[in-house]
Amino acid sequence: ERGLRALEAVGLTERAAHYPRQLSGGEQQRVALARSLVTDPIIVLADEPTGALDSRNAENVMEIFESLRSPERAVVLVRRADPGGSRRSGGTARL
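As a starting point, this report considers the structure included with it. (Residues numbered from 1 in each chain as written. Predicted model: local features only at pLDDT ≥ 70, side-chain atom pairs only at ≥ 80, totals over all residues. Heavy atoms only, no water.)

1. As for helix α3 (residues 55–68)
Here is step 1: In this model α3 runs 20 Å from its N-terminal to its C-terminal C-alpha over 14 residues, within 8% of the 20 Å that 1.5 Å per residue would give.
Here is step 2: Burial in α3 covers these residues: Asn-57, Ala-58, Val-61, Met-62, Ile-64, Phe-65 and Leu-68. Down the axis of α3, the buried side of the element spans an arc of 155 degrees, and every buried residue falls inside it. Residues of α3 that are exposed and angled more than 90 degrees away from the buried face: Ser-55, Arg-56 and Ser-67. (Helix = DSSP H or I, 4+ residues; strand = E, 2+ residues; numbered from the N terminus. Expected span 1.5 Å × (residues − 1). Buried < 20%, exposed > 50% of the residue type's maximum accessible area, 1.4 Å probe, protein only. Arc of directions from axis to C-beta.)

Right, dumping it as C-alpha cells:
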C-alpha cells in the first residue's frame, strides 16, 4: 500500500506492474524516488534527481522534495546543471 502511494506521488501508478527494462530512464529515476519515500527516511540524498526528467516531471519531483523538508528530515540535493533550482532550497553550499 505504501509503495503504491509512493508511485502515485511520482505519477507512475499505471506502471506499477512493469519491469525496470520496460521503463524509460526518467521513469526509472522517479521509481528510485518512490522507493526512497516508502521508508520515510531521516536523510534524503539525491544526486541530480531531475537530470533525466522532462520539465513537468522535474517540477513534480522538486515539489516532492520541498514537501519532505522538515526539522526532523534533511534533504540534500546535488545539482550541477540547474543553478536556478537553488532558489527553492532552504540553503545552498557550493563546492
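2. Side note on the pattern of salt bridges
Here is step 1: All chains considered together, the criterion is met by 3 salt bridges.
Here is step 2: Residue Glu-27 pairs with Arg-15 through a salt bridge whose shortest N-O separation is 3.2 Å. Of this pair, Glu-27 sits in helix α2 (residues 25–38) while Arg-15 is found in the loop between α1 (2–9) and α2, placing the two residues 12 residues apart along the sequence.
Here is step 3: With a shortest N-O distance of 2.3 Å, Asp-40 and Arg-73 are connected by a salt bridge. Here the residue Asp-40 occupies a position in the loop between α2 and β1 (43–47), and Arg-73 occupies one in the loop between α3 and β2 (74–78), the gap between them amounting to 33 residues. (Salt bridge = Lys/Arg side-chain N within 4 Å of Asp/Glu carboxyl O.)

3. Section: the pairing of β1
Here is step 1: Burial of β1 is one-sided: the residues Val-44 and Ala-46 facing one way are buried, the residues Ile-43, Leu-45 and Asp-47 facing the other way are not.
Here is step 2: Pairing of β1 with β2, which is carried by 5 bridges, proceeds in the parallel orientation. Within β2, the residue paired with Val-44 across the bridge is Val-75.
Here is step 3: Crossover connection from β1 via α3 to parallel β2: handedness right-handed. (Pairing = 2+ DSSP bridges. Right-handed = clockwise from strand over helix to strand, strands pointing away.)

4. Examining a nonpolar patch on the surface
Here is step 1: Side chains of Ile-42, Ile-43, Leu-45, Val-76 and Val-78 sit close together on the surface and give an oily, nonpolar patch of about 480 Å² of accessible area.
Here is step 2: Here Ile-42 lies in the loop between α2 and β1.
Here is step 3: With a relative accessible area of 61%, Ile-42 lands in the exposed category. (Patch = residues over 30% accessible without salt bridge, like charges linked within 9 Å, V, L, I, M, F, W, Y side chains within 5 Å. Areas by Shrake-Rupley, 256 points an atom, 1.4 Å probe, with all protein chains shown as cover.)

Worth remembering: the numbers are spatial, not functional.
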